[in-house]
Amino acid sequence: MNLDKLLRDNIRNLRPYSSARDEFSGEAMVFLDANENPFNQPYNRYPDPLQRELKEKIAGLKNCNVDQIFLGNGSDEPIDLLFRAFCEPGQDNMVTIDPTYGMYQVAADINNIEIRKVKLKEDYSFVAEELLARADERTKLVFVCSPNNPTANLLDKAEILKLIYGFDGLVVVDEAYIDFAPGASLLPELGQHENLIILQTFSKAWGMAGIRLGMAFASPEIIRILNKIKYPYNINILTQQKALELLELEEEKNKWVELLIEERQKLANSLEKFPFVVKVFPSDANFLLVKMHDARGIYEYLVENGIIVRDRSKVVLCEDSLRITVGSPEENAILIEKLNDLI
């Protein structure tokens, strides 16, 4: 893969903005370089634009190098930046599976990039050759989500590797739900594939959706490009501080994941017993996709009773299906109780 050839000309020639904290990092007695208010410490100071302390912590947790990590305002930021860095608006295209996470479509549309979708099989699996067949000389990115949203299944690793080896561009594997499929991450293989980009998040297993912190893992060359075009201070000081604090709770996070995996199976077993449930699809994530008779009616009934799930009935291959997040044991019990009232 020739990364320089994939890069847009204007990005290659871009002279990035250099902030005061780019030019000096570390401690000092007096800071008079960034036109900050000297009062209301520590919130008067701009945050570290490269999040060095936080990345050191993440590198230890993920067993990777600091220069392989990009941190964004959720995973949506690196998704958008990849389009802006590598796809020429109105000319280039990207390939992805269908159905999958809707933000790929939104980011492509915002950047005026054609999106080519390859429909999943009935069992929600995919064939790498079908995606590769849709690519041409203007295809810069291929996106797959594993475990996939909204289908909840882990995609076949061998097929993903076929994509990586067979595509002369960037393959983005979104692993937002990977903590609920232990041992399945491609992160240990990152160094072996120069065209692989892995997205992960703190929003799911770590319970940090509210602080908006996503991760992209890639070669140092790709990370440098993302750092070059991101907003100077894209991760605020509050997010960095809270993330450092919460990352000390790894043992508790692991207990949450273990409990949610157990609850996922219990919830699936309970749902399968209802006469209006057609199928509960296998899940490697923290949610279940459930095909039902009158899915919309059941959705509206649950809303009326203060229980919010996601109606995915209009999504291809998910007709008459609700997406149900695995909640706490108490929340799951309330859901089952209300559904029992329908019998």
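Preceding this section is the structure that the text describes.
Let me sum up the structure you'll find in this document. (Residues numbered from 1 in each chain as written. Predicted model: local features only at pLDDT ≥ 70, side-chain atom pairs only at ≥ 80, totals over all residues. Heavy atoms only, no water.)

A short note on the overall build of the chain
Note the cut-off: Under the scheme used here, helices are H or I runs from DSSP no shorter than 4 residues and strands are E runs no shorter than 2 residues, and both carry numbers assigned from the N terminus. What the globule rule says is 2.2 Å times the number of residues to the power 0.38, and the radius of gyration is computed from C-alpha atoms. Each residue is placed in one exposure class: buried if its accessible area under a 1.4 Å probe, protein chains only, is under 20% of its type's maximum, exposed if it is over 50%, and partly exposed if it falls in between. To measure how exposed things are, a 1.4 Å probe is used in the Shrake-Rupley method; for residues, cover is taken only from the protein chains shown. Two residue types count as positive, namely Lys and Arg, and two as negative, namely Asp and Glu; His and chain ends fall outside the count. To locate a charge, take atom NZ for lysine, CZ for arginine, CG for aspartate or CD for glutamate.
Looking only at helices and strands, the chain has 13 helices and 11 strands in total. A compact globule built from 343 residues would reach a C-alpha radius of gyration of about 20 Å, and the chain, at 22 Å, matches this within 12%. For the chain, the spread of C-alpha atoms along the principal axes amounts to about 70 × 50 × 35 Å. Sorting the 343 residues of the chain into buried and exposed places 52% on the buried side. When the accessible surface of the chain is summed, it comes to about 16,700 Å², and 49% of that surface belongs to carbon and sulfur atoms. Taking the average place of the 39 positive charges on the side chains of the chain and the average place of its 54 negative ones, the gap between the two points comes to 3 Å.

A short note on the nonpolar core
Which entries qualify depends on this criterion: Side-chain atoms within 4.5 Å are what join buried Ala, Val, Leu, Ile, Met, Phe, Trp, Tyr and Cys residues into a set we call a nonpolar core. By the convention used here, residues are in contact when the closest approach between their heavy atoms is within 4.5 Å.
Ile58, Phe126, Leu131 and Phe217 are the most contacted members of the largest nonpolar core, which totals 46 residues. Residues within four places of Leu131 in sequence aside, it is in contact with Val95, Ile97, Val118, Phe126, Val142, Val144 and Leu163. In terms of nonpolar packing, the next biggest core, distinct from the first, is built from 32 residues, Phe143, Val172, Ala218 and Leu226 among them.

Describing a negative patch on the surface
The criterion, for reference: A patch consists of residues exposed above 30% relative accessible area that lack any salt bridge, with like charges linked at up to 9 Å and nonpolar side chains (Val, Leu, Ile, Met, Phe, Trp, Tyr) linked at up to 5 Å. Any Lys or Arg side-chain nitrogen found within 4 Å of a carboxyl oxygen on Asp or Glu counts as a salt bridge.
A cluster of acidic residues, Glu122, Asp123, Asp294, Glu319 and Asp320, forms a negative patch at the surface. By relative accessible area, which is 39% here, Glu319 ends up partly exposed.

A word on a nonpolar patch on the surface
Taken together, the side chains of Met29, Val30 and Leu32 present a nonpolar region at the surface, about 430 Å² in accessible area. Mapping Val30 onto the fold places it in the loop between α3 (20-23) and α4 (52-62).

Observations regarding the sheet that holds strand β8 (residues 277-280)
Applicable threshold: Pairing between strands requires that DSSP locate at least two bridges from one strand to the other. A fitted line through C-alpha atoms serves as each axis, taken over the contacting stretch for helices, and the angle formed by two N-to-C directions is quoted from 0 to 180°.
Here 4 strands make up an open sheet; going across it, the order is β8-β9-β11-β10 and the pairing antiparallel. Both outer strands of the open sheet, β8 and β10 (310-311), are each paired with one neighbouring strand and no more. The pairing of β10 with strand β11 (residues 321-325) spans 2 bridges and is classified as antiparallel. Bridged to Arg310 within β11 is Arg323. Where helix α11 (residues 250-271) meets the sheet, it contacts β8, β9 (287-292) and β11, and its direction lies at approximately 10° from that of β9.

Topic: α4
Heads up, the rule is: Here, the arc refers to the directions that run from the helix axis to the C-beta atoms.
When α4 is considered as a whole, its buried residues turn out to be Leu54, Lys55, Ile58, Ala59 and Lys62. Axial view of α4: buried residues confined to an arc of 140°, hence all on one face. With respect to the buried face of α4, the exposed residues turned more than 90 degrees away are Glu53, Glu56 and Gly60. Contacts made by the buried residues of α4 are with β1 (69-72), β6 (196-201), β7 (214-217), α9 (220-229) and α10 (237-246).

A few points about the sheet that holds strand β2 (residues 93-98)
Read from one edge of the open sheet, 7 strands run β1-β7-β6-β5-β4-β2-β3, paired in mixed fashion. Of all strands in the sheet, those with a lone pairing partner are β1 and β3 (114-119), marking the two edges. Between one strand axis and the next, the sheet turns through 20° on average, direction left out of account. Where α4 meets the sheet, its contacts fall on β1, β6 and β7, and the angle it forms with β1 comes to roughly 120°. Contacts between α9 and the sheet are confined to β1, β5 (170-174), β6 and β7, with β1 contributing the most and set at about 30° to the helix.

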